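Breakdown of the fold
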Number of protein chains: 4
Amino acid sequence: MSNRRTFIKQASATGALSVLPFTQLFSDSPKTKIMNNPTHWADGSRLVVSVSMQFEAGGQPDNAESPFPQNMQQGFRDLPAATWYQYGYKEGIPRMLDNWDKLGIKVTSHMVGTAVLNHPELAKEIVRRGHEAAAHGMNWSSQYNLSYEEEKKFIKDGADAVKQVTGVMPVGYNANWLRRGENTLKILQELGFIYHIDDLSRDEPFVIQVNRKDFAVVPYTLRCNDILLIEGKNFSAGQFVEQVKMEFDQLYLESAQRRRQMSISFHDRIGGTPQMVKAAHDIIRYIQDHKGVSFKRKDDIAKMILQDKTAVRE
Amino acid sequence: MSNRRTFIKQASATGALSVLPFTQLFSDSPKTKIMNNPTHWADGSRLVVSVSMQFEAGGQPDNAESPFPQNMQQGFRDLPAATWYQYGYKEGIPRMLDNWDKLGIKVTSHMVGTAVLNHPELAKEIVRRGHEAAAHGMNWSSQYNLSYEEEKKFIKDGADAVKQVTGVMPVGYNANWLRRGENTLKILQELGFIYHIDDLSRDEPFVIQVNRKDFAVVPYTLRCNDILLIEGKNFSAGQFVEQVKMEFDQLYLESAQRRRQMSISFHDRIGGTPQMVKAAHDIIRYIQDHKGVSFKRKDDIAKMILQDKTAVRE
Amino acid sequence: MSNRRTFIKQASATGALSVLPFTQLFSDSPKTKIMNNPTHWADGSRLVVSVSMQFEAGGQPDNAESPFPQNMQQGFRDLPAATWYQYGYKEGIPRMLDNWDKLGIKVTSHMVGTAVLNHPELAKEIVRRGHEAAAHGMNWSSQYNLSYEEEKKFIKDGADAVKQVTGVMPVGYNANWLRRGENTLKILQELGFIYHIDDLSRDEPFVIQVNRKDFAVVPYTLRCNDILLIEGKNFSAGQFVEQVKMEFDQLYLESAQRRRQMSISFHDRIGGTPQMVKAAHDIIRYIQDHKGVSFKRKDDIAKMILQDKTAVRE
Amino acid sequence: MSNRRTFIKQASATGALSVLPFTQLFSDSPKTKIMNNPTHWADGSRLVVSVSMQFEAGGQPDNAESPFPQNMQQGFRDLPAATWYQYGYKEGIPRMLDNWDKLGIKVTSHMVGTAVLNHPELAKEIVRRGHEAAAHGMNWSSQYNLSYEEEKKFIKDGADAVKQVTGVMPVGYNANWLRRGENTLKILQELGFIYHIDDLSRDEPFVIQVNRKDFAVVPYTLRCNDILLIEGKNFSAGQFVEQVKMEFDQLYLESAQRRRQMSISFHDRIGGTPQMVKAAHDIIRYIQDHKGVSFKRKDDIAKMILQDKTAVRE
């Protein structure tokens, strides 16, 4: 049994392993003592949870993908699909906003530029309630295939729209379907952004070098994300609750030994339905029953990790 | 905490926000008092639930989509798929009719014209039991791509078939896969319809202007609809029960503060199976255990909202 | 409330409604009395359940569909998929046979001719254990697109293979994916078959006229069938249990008022896995806890219904 | 009832049946006595469970399949998908390693050659913790379509990479998607391998003849495998737990009467997520609560079965 515990932390050639403790993370062995109030975050949190509320509806292109069969004859508009998107701003975000208030948490809202311009009161209300206005591109479209100049304009226009409407200049970025291109991070750094989320590689934030300066990565999630699981009709709302709780249970356990961050994501027209707001409520109440957990906006996470000498650096 | 509650309702440029209360909808905070018998409906209901029972089987085209692999060699009829559809009128609707009687509720039945003509006794029986005969087109086919005149004939023929067989002229409409075209609402208004359901944008009925007159929208659902979840084999019957109950829980909570409507939909050959009738039974019994909930036909909802000065208007 | 109960049974123009009682089927109303031992079957059963065990593996063509990605380069054999099929005769059917013995039930085994010829001992053992040897075509291939003569040979060769190996001449038939052609029933009647199962239209057996003679239809199922739900990875084994129990609950309730038959289907390589045999065991034990239920082979059901004057006739 | 029990084991023409006991496997009948400590394994185990931990991430080709939509414009890299794979070596394998230590089990790790070369410290750590280093090809690519010489080099290069980095020469093999070609087993035998896993036909290991010598087959699983169920978004983590427990329950029952092996498989980037490590933990703790179960590396299983005179031989 002893050789399991004698692994010496050593820098690996790839860097990937350099910060892995490889210690036992589990608490139910009688030999393992867990601190009453362990912390691996600068502010004393044991585990940080970050919730996203994507604001996209109203900015989607005509006939954007939806739960309807994708078999429309060319040249016609998919009118019921349009009403499915309208739900996002008419019901979804207002309902989620009330839920976050009730639960007492602040979230990060990645906002598509055209969605903000089409529904400015809603964007303002998100900010008034204390949530983060982050950027999500000017339109609901790919950017990985744009030229450097095109992409820079695409990102800047979207951020400017958020600033113009809400008064807040975004510092965080999320690309359409997470699909940044080879220039995206450079552009973000040039434009004053401090973090992006289009990375699934770790369960904690980390710091990378962009244009030879520190830039934060606050990882996103597909596992605890309504768009893959619920819109795709793969999971019922109850399965979503169960799976996200299992994710939390493990990360909470690990958080006794090292820095851990959990990410949960909701989209206006999906996570804003009654069944999914009920799901989010049940998940977050469950999490809040655990000591040492704090819910944070991603800009606050980015700022904290950028100043942390113990941050993972790649 | 206080700024959460100080959002002032203001008309937004889009109109979408004009009626959103943005108040906390939740009851479990000690600071929130819920009325014992709140109502936001003219008839004193706290929450209105509307169940659909689509009558389509017997009107489908040859080789219509079914759970069978869609790989038939050209020129042959898919005979087992035809029997899958026959189930809808031989077992499904009779079973559902008995279930609604047992539960003591009235539902809305959108009827395809050819299905009604092929099975007139069943259409009559639906009406005899007190349910609403609504229109669903003359055939099981798209109408968004028809000319104005073609579409008008398509809608009128279907409604006339229902009238001829059941004695009832439909006042409500549902397009194939909800896919109305740009002219559909004008045609419906011209033909004397008072509402349609092909809209997913709100959890309450609302009033729009068609040909400069009031026209009601009684929203439909994909989330609590057997066709996407059960026919697609995405959900088991038990998952359907669990998800629809979660939908109800949240809407019931919200109904303490504002007008809310819940929609549940069943199709003859899917919702009429034993496992799904059991599911519907369990869902509706659960809902009936809550005070202030009423089950209504969609024509009754439309009439009530058209006369309500507080209705959402777009 | 009273008009619900006054529907008079009347022959409909289509015949579909002629045997529907349209009476309330439910037992939990205080006004409804259920007989202690109701029966709508000639042998006194309240509800008849029929289990299928398809014997197909070993008869499949090269590179038949399987859970493996269907992306093989042309000209190569899918060797792991072949072992997936081998599981059906090496583990699946033997395991199911022991399960049926343990549970004390007899089932119907539709057998592909080539599967029987390749694994004769297994086919013999199925019959030795008291189960029905039924026909399932000579090969694992479509028959709806064959000429009359080709199809007759296809069916006869398969039945002869079963007879030659097991000593039993099949009287029941199941087409590949249920896809019979326009001539299939005539051919079956000519060859001496007394029933087929390729019909999903009712939850009870019924009698049709083929070549002006009575022919039985013993309906099959997709809803309680491992091939759509489990092989497709749509359902876990536990979901299958839950859904089939819900199906039973409703049919058992209805069986107090009219003749009802429940069908459950398992395939060698899918229903024969440990998790699905556990599922079948739990389902059948649950069903056996209810009074008046009998498990029957489909040939016994066909014989009983063919002699029943009260049978549904189409 | 007695004829059920009188089936005489007899060699079948195919050999497939020659070792099937066809005895009742079940313990809950009062007439069946189960030994307190039955064993059908040379080392006294009642049931052997083998866990796989595939080490593939870091070795995948550009734009390898992932949960992201497979709709990238040609000529661009799928950057977020790359981070999804990075998760496998940054979080997944380290987390699983700690879980195996906590649970006190040793597993088999099939390692892609390029993954090992790119992350040598991780490969070494797997071996340091006592797990088996097995081979999985030089690259993440098909081998069934290679010539004999190409395939031999492909297998040998992969094995040499493992040996060079970890000091251990693999004796077990797993082909990409289990898709071996017609020459694979001959090549493996020539290179000194003693077993492969690309076979799903039995729930126990067996011995085949390759180049006229004994070669072991240690069957793999799709049913208890994270890649089909979890990556495909078919199952939630909780459904995975439930289904694998059902699989175990049945195999444990059968293990009272004959040799049974259970296989469970996890992949770095899927099984290494928090929710799935929680799932694996719950599954294995459940299994460990049963007497007579041992967890074994596949090389140990292969060695044991190769020396067992009672092994199934094909």
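Remember, predicted model here, so these are calculated numbers, not experimental data.

Criteria and thresholds
- Numbering of residues starts from 1 in every chain and runs along the sequence as written.
- As a convention, the first chain written is A and the first ligand written is 1, with the rest following in written order.
- With the structure being a predicted model, the display of local features is reserved for residues of pLDDT at least 70 and the display and counting of side-chain atom pairs for 80 or more, all residues being used for whole-chain, interface and lining totals.
- Calculation of side-chain values draws on the structure's entire complement of heavy atoms; hydrogens and water are dropped beforehand.
- Per the convention used, a helix needs a DSSP run of H or I reaching at least four residues, while a strand needs a run of E reaching at least two, with both numbered from the N terminus.
- Classification of residues uses two cut-offs on accessible area relative to the type maximum, computed with a 1.4 Å probe and protein chains only: under 20% is buried, over 50% is exposed, and between them is partly exposed.
- When checking whether two residues touch, look at their non-hydrogen atoms; a contact exists if any pair is within 4.5 Å.
- Per-residue and other accessible areas were derived by the Shrake-Rupley procedure at a 1.4 Å probe size, with only the shown protein chains allowed to occlude residues.
- The term buried area refers to how much accessible surface (probe radius 1.4 Å) is lost by two components on association, counted for both of them together.
- Put simply, a salt bridge is a Lys or Arg side-chain nitrogen that is within 4 Å of an Asp or Glu carboxyl oxygen.
- Counting of polar contacts relies on pairs of N or O atoms within 3.5 Å, with two restrictions inside protein: one atom must be capable of donating a hydrogen and the other of accepting it, and residues adjacent in sequence are counted only when both atoms are side-chain atoms.
- UniProt positions are given in the numbering used here, feature names are shortened, and annotations may be inferred rather than shown by experiment.
- In this analysis an axis means a line fitted to C-alpha atoms, helices contributing only their contacting stretch, and an angle means the value between N-to-C directions, from 0 to 180 degrees.
- To sort the angles, those under 35 degrees are grouped as roughly parallel, those over 145 as roughly antiparallel, those from 65 to 115 as roughly perpendicular, and the leftovers as oblique.
- When residues are sorted by character, Ala, Val, Leu, Ile, Met, Phe, Trp, Tyr, Cys and Pro go into the nonpolar class, Asp, Glu, Lys and Arg into the charged class, and all the rest, Gly among them, into the polar class.
- Superposing copies: least-squares fit, C-alpha atoms only, residues required to have pLDDT of at least 70 in both.
- Strands pair, by our definition, only if DSSP identifies at least two bridges between them.
- Aromatic rings from Phe, Tyr and Trp, with only the six-membered ring used for Trp, were paired whenever their centres fell within 6.5 Å, and each pair was classed as stacked if the ring planes differed by under 30 degrees, edge-to-face if by over 60, and tilted otherwise.
- Here a helix's expected span is defined as the number of its residues, less one, multiplied by 1.5 Å.
- The pLDDT value tells you how sure the predictor is about a given residue, anywhere from 0 up to 100.
- Neither His nor the chain ends is counted toward charge; the positive residues are Lys and Arg and the negative residues Asp and Glu.

As a further point, take the overall build of chain A. In terms of helices and strands, chain A carries 10 helices and 10 strands. In chain A, which comprises 314 residues, the proportion classed as buried is 66%. For chain A, contacts bridging at least 24 residues in sequence account for 72% of all contacts bridging at least 6. Only carbon and sulfur atoms are counted for the fraction: they give 48% of the accessible area of chain A, which is about 10800 Å².

This paragraph deals with the interface of chain B and chain A. Counting from both sides, the interface comprises 50 residues of chain B and, opposite them, 49 residues of chain A. Roughly 4400 Å² is buried in total at the junction of chain B and chain A, and carbon and sulfur atoms are behind 57% of that figure. For the interface between chain B and chain A, the tally reads six salt bridges. Taking the shortest distance from any N to any O, the salt bridge between A:Lys90 and B:Glu314 comes out at 2.5 Å. In this assembly, chain B and chain A are joined by 19 residue pairs in polar contact (both at pLDDT 80 or more).

What follows deals with the UniProt feature "domain: NodB homology" (unreviewed entry) in chain A. UniProt marks residues 78-296 of chain A with the feature "domain: NodB homology" (unreviewed entry), using the numbering shown here. When the span residues 78-296 of chain A is considered, its composition is 50% helix and 15% strand, and the gap between its end C-alpha atoms is 38 Å.

Okay, the environment of B:Ser50 next. Residues and elements named next belong to chain B. Examined against the element boundaries, Ser50 turns out to sit in strand S1 (residues 47-54). C-alpha separation for the pair Ser50 and Lys106, spaced 56 residues apart in sequence, amounts to 8.6 Å. For Ser50, the residues in contact, after removing those within four places along its chain, are Gln261, Met262, Ser263, Ile264, Lys296, Lys298 and Ile301. A polar side-chain atom of Ser50 sits 3.3 Å from the main-chain carbonyl oxygen of Lys296.

What follows is about the packing of helix H7 (residues 237-254) of chain A against helix H9 (residues 274-288) of chain D. For any two helices packed against each other, one specifies the crossing angle of their axes together with the interaxial distance. Interhelical geometry of H7(A) versus H9(D) gives an angle of 85° and a closest axis separation of 7 Å. Comparing the axis directions of H7(A) and H9(D) gives the class roughly perpendicular. Contacts between H7(A) and H9(D) pair A:Gln243, A:Met246, A:Glu247, A:Asp249, A:Gln250 and A:Leu251 from the former with D:Pro274, D:Gln275, D:Val277, D:Lys278 and D:Ala279 from the latter. Taken together, the residues that form the contact of H7(A) with H9(D) break down as five nonpolar, three polar and three charged.

This part takes up the relation of the copies chain B and chain A. When chain B is fitted to chain A, the residual RMSD is 0.0 Å, and the transformation amounts to a turn of 90° plus an axial shift of 0.0 Å. Here the symmetry operator amounts to a four-fold rotation axis. The C-alpha atom lying nearest the rotation axis in chain B is that of B:Asn234; the distance is 4.2 Å. Taken together, the interface assignments show that only 6% of the residues at the interface of chain B recur at the interface of chain A, consistent with different surfaces on the two copies.

This paragraph deals with the environment of C:Gln54. Residues and elements named next belong to chain C. Looking at the secondary structure, you find Gln54 in strand S1 (residues 47-54). Sequence separation of Gln54 and Ile270 is 216 residues, and the distance between their C-alpha atoms is 10.0 Å. Other than its neighbours up to four places away in sequence, Gln54 contacts Ile93, Thr108, His110, His136, Asn174, Tyr220, Ser265, Phe266, His267 and Asp268.

Here we take up the interface of chain C and chain B. Counting residues at the interface gives 50 residues for chain C, matched by 50 residues for chain B. When chain C packs against chain B, close to 4400 Å² is buried across both sides, 57% of that on carbon and sulfur atoms. One can count six salt bridges joining chain C with chain B. Taken together, the connections running from chain C to chain B amount to 19 residue pairs in polar contact (both at pLDDT 80 or more). Contributions of two or more residues to the side of chain C that touches chain B are made by helix H6 (226-231) and helix H7 (237-254) of chain C. Tallying contributions element by element places H7(C) first for the side of chain C that touches chain B, with 10 residues.

Looking now at the pairing of S1(C). All names here are of chain C. Of all eight residues making up S1, eight are buried, and the element is well covered by its neighbours. By the alternation rule, side chains of S1 split into Leu47, Val49, Val51 and Met53 and Val48, Ser50, Ser52 and Gln54, which are all buried. Of the pairings in the sheet, the one linking S1 to strand S9 (residues 293-295) comprises three bridges and is parallel in character. When the bridges of S9 are listed, Leu47 appears paired with Val293.

Attention now moves to the relation of the copies chain C and chain B. It takes a turn of 90° to lay chain C on chain B, together with a shift of 0.0 Å along the axis; the resulting RMSD is 0.0 Å. Taken as a fraction of all interface residues of chain C, those also at the interface in chain B reach only 6%, which identifies the copy contact as different-surface.

This part takes up the pattern of salt bridges. Under the counting rule described, the total for this entry stands at 120 salt bridges over all chains. In this structure, the salt-bridge partner of A:Asp203 is D:Arg95, at a minimum N-O distance of 2.8 Å. Residue A:Asp203 is found in the loop between strand S5 (195-196) and strand S6 (206-210), and its partner D:Arg95 is found in helix H1 (residues 79-103); the two belong to separate chains. Residue classification places A:Asp203 among the buried positions, given a relative accessible area of 5%. Residue classification places D:Arg95 among the buried positions, given a relative accessible area of 2%. Between D:Arg128 and D:Glu125 there is a salt bridge, with its nearest N and O atoms 3.0 Å apart. Here D:Arg128 and its partner D:Glu125 are both found in helix H3 (residues 120-128), three residues apart, which amounts to about one turn of the helix. On the accessibility criterion, D:Arg128 (37% relative accessible area) is partly exposed. Accessibility expressed as a relative area gives 1% for D:Glu125, which makes it buried.

A few words now on the packing of aromatic side chains. Residues and elements named next belong to chain A. Taken as a whole and judged by the stated rule, the model has 36 aromatic pairs over all chains. Here the aromatic rings of Trp84 and Tyr85 are separated by 4.9 Å at their centres, their planes lie at 80°, and the arrangement is edge-to-face. In this structure Trp84 comes out as buried when scored by relative accessible area, which is 10%. Geometrically, the ring pair formed by Tyr85 and Trp140 is edge-to-face, given 5.5 Å between the ring centres and 85° between the ring planes.

Turning to helix H7 (residues 237-254) of chain D, a few remarks are in order. With 18 residues, H7(D) should reach 26 Å at 1.5 Å per residue; the first-to-last C-alpha distance of 26 Å fits that figure. Burial analysis of H7(D) places 14 of its 18 residues in the buried class, the great majority of the element.

Unlike most non-glycine residues, B:Leu178 shows phi in positive territory, near 65°. Checked against the element boundaries, B:Leu178 lands in the loop between strand S4 (172-173) and helix H5 (184-190). On the basis of relative accessible area, B:Leu178 is assigned to the buried category, the value being 4%. Unusually for a residue other than glycine, C:Asn211 sits at a positive phi of about 50°. Among the secondary structure elements, C:Asn211 is positioned in the loop between strand S6 (206-210) and strand S7 (213-217).

In this section: the pairing of strand S1 (residues 47-54) of chain A. Pairing analysis gives seven bridges linking S1(A) to strand S8 (residues 261-267) of chain A, with the strands arranged parallel. Residue A:Ser50 lies in a different strand from S8(A), and its bridge partner there is A:Ser263.

Residues and elements named next belong to chain A. Counting all residues, the mean pLDDT for chain A is 90, and 88% of those residues have values of 70 or more. For residues 1-35, every residue scores under 50 in pLDDT, and the model assigns this stretch 70 contacts once sequence neighbours within four places are set aside. Predicted complex, confidence summary: ipTM 0.89, pTM 0.90.

Taking 1.5 Å as the rise per residue, H9(D) with 15 residues should run 21 Å; its terminal C-alpha atoms sit 21 Å apart, in good agreement. Considered for burial, the residues of H9(D) that qualify are D:Pro274, D:Gln275, D:Met276, D:Val277, D:Ala279, D:Ala280, D:His281, D:Ile283, D:Ile284 and D:Ile287.

Attention shifts here to the side chain of A:Lys298. Checked against the element boundaries, A:Lys298 lands in helix H10 (residues 298-306). Here A:Lys298 occupies a buried position and makes no salt bridge, while the nearest side chain of opposite charge, A:Glu132, is found at 6.9 Å.

This part covers the environment of C:Cys224. With respect to the helices and strands, C:Cys224 occurs in the loop between S7 and H6. Judged by its relative accessible area of 0%, C:Cys224 falls in the buried class. Along the backbone, C:Cys224 and C:Ser109 are 115 residues apart, and their C-alpha atoms lie at a distance of 16 Å. For C:Cys224, the contacting residues outside a window of four places in its chain are B:Gln275, C:Phe240, C:Val244, C:Glu247, C:Met262, C:Ser263, C:Ile264 and C:Ser265.

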